[in-house]
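This is what each chain is made of:
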Amino acid sequence: MPFKDLREFIDTCDRIGEVKHISGAHWDLEIGAITELLAEIPNSPAPLFDDIPGYPKGHRVFANPLASNKRTALILDQHPETPPFEMLKYWIKRTREIKPVPPRWVDDAPVKEHVLTGDQINLFDFPSPKWHENDPGRYLGTGDTVIMRAPGEDWINLATYRMEVHDEKTLGLWISPGKHGYLFLQKYHERGEAAPVAVSVGHDPLLFVCCATFFPYAMSEYDFAGHLRGAPIEVTRGVITDLPIPATAEIVIEGEIPPRNEEMRMEGPFGEFTGYYAVGPHPQLIIRVKSVMFRSKPIILGAPPFKFPSHWFTTVPFNAGETWDALNKVGVPDVQGVWQFGSWFPFITVVSIRQRYAGHAKQAGLVAMGSKGSAYCGRYVIVVDEDVDITSLEDVMWAVATRCEPERDMDLIRECWSSPIDPIISPHMRFEMAHGQQNTSRVIINACKPYAWKDKFPRTNIASKELRTKILDKYSDIFAGAEAEKVKA
Ligand SMILES: Cc1cc2nc3c(=O)[nH]c(=O)nc-3n(C[C@H](O)[C@H](O)[C@H](O)COP(=O)(O)O)c2cc1C
Ligand SMILES: [Mn+2]
């Protein structure tokens, strides 16, 4: 069932115990710390903050929207108990059969319940949290979507980029080199033009996931989100731009992004997905805000990044789906699955194969490394045999520790696509070099049994499936419920 807006999603989550109502937490670090501590607990409920000091009742913040299996399953319209690996397979299937569903224009737009322009605008009217202790200020944009039209082309890009509140009418915007928004701005700004922009900071988390997942250039995230939900996203024209904005959004801001040589502001450092504060303080792009639209009792969608292994984003690494698909498309045979670790970004990509020929594992590693879903900010690509549980980092590291001979089975690839956000980039490269010059190396780890003598590799000593089943049947009183589920495999 597609959700028509964030409110309907929250209500549905609430009915299955997936929401924690929190009253009175302060925007200054309290909301952030509660959100972080909850994200550290696997599958914890999503906090909905109300009665935020200094703000009218009803001005809310909803955070960690997809940080549980059940909530992730909800947006995919899957059974709440669906395991994350099955959800990734479903995502890939839907991606493969994509038929773009363009958004539908409507006039009746709840987001236009209140419209402010000019002097009426004060961004501090919304309870943007200061999420992490060393953030420079308050970030209204974490689970946001930044909407722009491709200059000279006919398509709309939507993407999640962080936004700091600089003052009543100015937002900061940080976009990593190479991202679609970054490419658009290069074109606008080369012509000396400010770029028209609209940003939603509260919408259906399905749209959010699509805005934070890698899609090819020229594929509008609106069209893919419409395809996934099986119905078009309803959009309405902005009040100062003609950009399509989600009609049922909670808060939408419109404005323009001036060229870098006209105005920038110091931004960051912000607590990033890497687990560090890497980027900033540094002069960055801004949005000059020209209009603010919002519904009564608006809800900010918060998705502040936290240090791995917190599942602050989703429990399913959707970018791994692109890599799996890429492996299939170029014809790497017998790929059993792809998974990623690293708080949503592909620091560690794991590919599982059923080895068929000498060189098969290396081929899989090289293709995975270069695929869109794993290329940006990657570090390690690990290839394992089909018996390894790729969703378990412990199991993967067991394979690395026992099946990889480092001298023979590791390859170093230099000068790959990274980002200023990468903590290993030196301060000189991060701050003094021109944008886009940062890069890092990769290691491909072949943690498969050596192909030449794989049949002579020592046997694994875990109890077989047959023995487990027999014991579980006979001694069901020892292994009840969840325990039994755990030892079944
Ligand atoms: C919560 C969250 C915050 C993000 N913040 C940023 C950001 O500040 N800048 C950025 O370049 N990418 C950020 N990303 C990653 C982009 O949203 C992601 O790479 C997306 O695919 C970019 O879309 P695009 O290819 O249309 O540019 C963030 C992702 C998430 C989940
Ligand atoms: Mn895009």
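Model, not experiment: these values are computed from the prediction.

About the thresholds
Residues numbered from 1 in each chain as written. Chains lettered and ligands numbered in written order. Predicted model: local features only at pLDDT ≥ 70, side-chain atom pairs only at ≥ 80, totals over all residues. Heavy atoms only, no water. Near = heavy atom within 4 Å. Polar contact = N/O pair within 3.5 Å; in protein donor to acceptor, adjacent residues only side chain to side chain. Areas by Shrake-Rupley, 256 points an atom, 1.4 Å probe, with all protein chains shown as cover. Helix = DSSP H or I, 4+ residues; strand = E, 2+ residues; numbered from the N terminus. Domains from an automatic or database assignment. Contact = heavy atoms within 4.5 Å. Buried area = accessible area lost by both parts, 1.4 Å probe. Salt bridge = Lys/Arg side-chain N within 4 Å of Asp/Glu carboxyl O. Nonpolar A, V, L, I, M, F, W, Y, C, P; charged D, E, K, R; others polar. Donors = N, O, S within 2.8 Å, 3.2 Å for Na, K, Ca; no water. Buried < 20%, exposed > 50% of the residue type's maximum accessible area, 1.4 Å probe, protein only. Expected span 1.5 Å × (residues − 1). Disulfide = S-S within 2.5 Å. Axes fitted to C-alpha atoms, helices over the stretch in contact; angles between N-to-C directions. Parallel < 35°, antiparallel > 145°, perpendicular 65-115°, else oblique. Left-handed = near helix turned anticlockwise from the far one by under 90°.

Caption draft 1: Examining the site of ligand 1 more closely. Near ligand 1 lie 23 residues; those nearest to it are Thr160, Tyr161, Arg162, Ser176 and His180. In this structure, an oxygen atom belonging to ligand 1 sits 2.7 Å away from a main-chain N or O atom of Thr160. Protein chains shield 95% of the accessible area of ligand 1, which is 640 Å² for the free molecule. At the level of secondary structure, the elements contributing two or more residues to the shell around ligand 1 comprise strand E8 (156–159) and helix H5 (180–190). With three residues, E8 is the single largest residue contributor to the shell around ligand 1.

Caption draft 2: Highlighting the domain arrangement of the protein chain. Each assigned domain of the protein chain is listed with its residue range as follows: domain 1 (6–302) and domain 2 (319–456). In this complex, domain 1 contributes 27 residues to the contact, which on the side of domain 2 involves 30 residues. Counting each side, the surface lost to burial between domain 1 and domain 2 is near 2,500 Å², with a carbon and sulfur contribution of 70%. When residues of domain 1 are sorted by the area they lose upon contact with domain 2, Phe85, Phe214 and Phe273 head the list and together hold 30% of the total. For the pair domain 1 and domain 2, the number of links is one salt bridge. Taken together, the connections running from domain 1 to domain 2 amount to four residue pairs in polar contact (both at pLDDT 80 or more). Among the secondary structure elements, those contributing two or more residues to the side of domain 1 that touches domain 2 are helix H4 (84–96), H5 and strand E16 (282–294). Of the residues belonging to the side of domain 1 that touches domain 2, the class tally is 14 nonpolar, eight polar and five charged.

Caption draft 3: Inspection of the side chain of Thr82 at higher detail. Relative to the helices and strands, Thr82 resides in the loop between helix H3 (69–75) and H4. Within the structure, the side chain of Thr82 is placed 2.5 Å from the backbone oxygen of His79, a separation counted as a polar contact.

Caption draft 4: The coordination of the manganese ion (ligand 2), seen in detail. Protein coordination of the manganese ion (ligand 2) is provided by Asn157 (OD1), His180 (ND1) and Glu221 (OE), with donor distances spanning 2.1 to 2.3 Å. You can call Glu221 buried: its relative accessible area is 3%.

Caption draft 5: Representation of the environment of Pro427 in the model. Relative to the elements of secondary structure, Pro427 occurs in helix H13 (residues 427–432). For Pro427, a relative accessible area of 58% corresponds to the exposed category. Between the C-alpha atoms of Pro427 and Val279, which are 148 residues apart in sequence, the distance is 9.7 Å.

Caption draft 6: Here's a closer look at H4. The end-to-end C-alpha separation of H4 is 18 Å, in line with the 18 Å expected for 13 residues at 1.5 Å each. Within H4, the full set of buried residues consists of Phe85, Met87, Leu88, Tyr90, Trp91, Ile92 and Arg94. Of the surrounding elements, those touching the buried residues of H4 are H3, helix H6 (205–211), helix H7 (221–229), helix H8 (319–329) and strand E18 (335–341).

Caption draft 7: Looking closely at the state of the cysteines. Taken as a whole and judged by the stated rule, the model has zero disulfides. Free cysteine: Cys13, not disulfide-bonded; nearest cysteine sulfur from Cys210 at 16 Å. Relative accessible area serves as the criterion here: at 0%, Cys13 is assigned to the buried category. Of the cysteine sulfurs around Cys377, a residue in no disulfide, the closest is that of Cys416, at 11 Å.

Caption draft 8: How the structure looks around the packing of H8 against helix H9 (residues 360–370). It is at 9 Å that the axes of H8 and H9 come closest, and there the two elements cross at 125°. Between H8 and H9, the crossing angle belongs to the class labelled oblique. Here H8 and H9 pass one another in a crossing that is right-handed. Between H8 and H9, the contacting residues are Thr323, Ala326 and Leu327 on the first element and Ala364, Val367 and Ala368 on the second. Broken down by class, the residue content of the contact of H8 with H9 amounts to five nonpolar, one polar and no charged.

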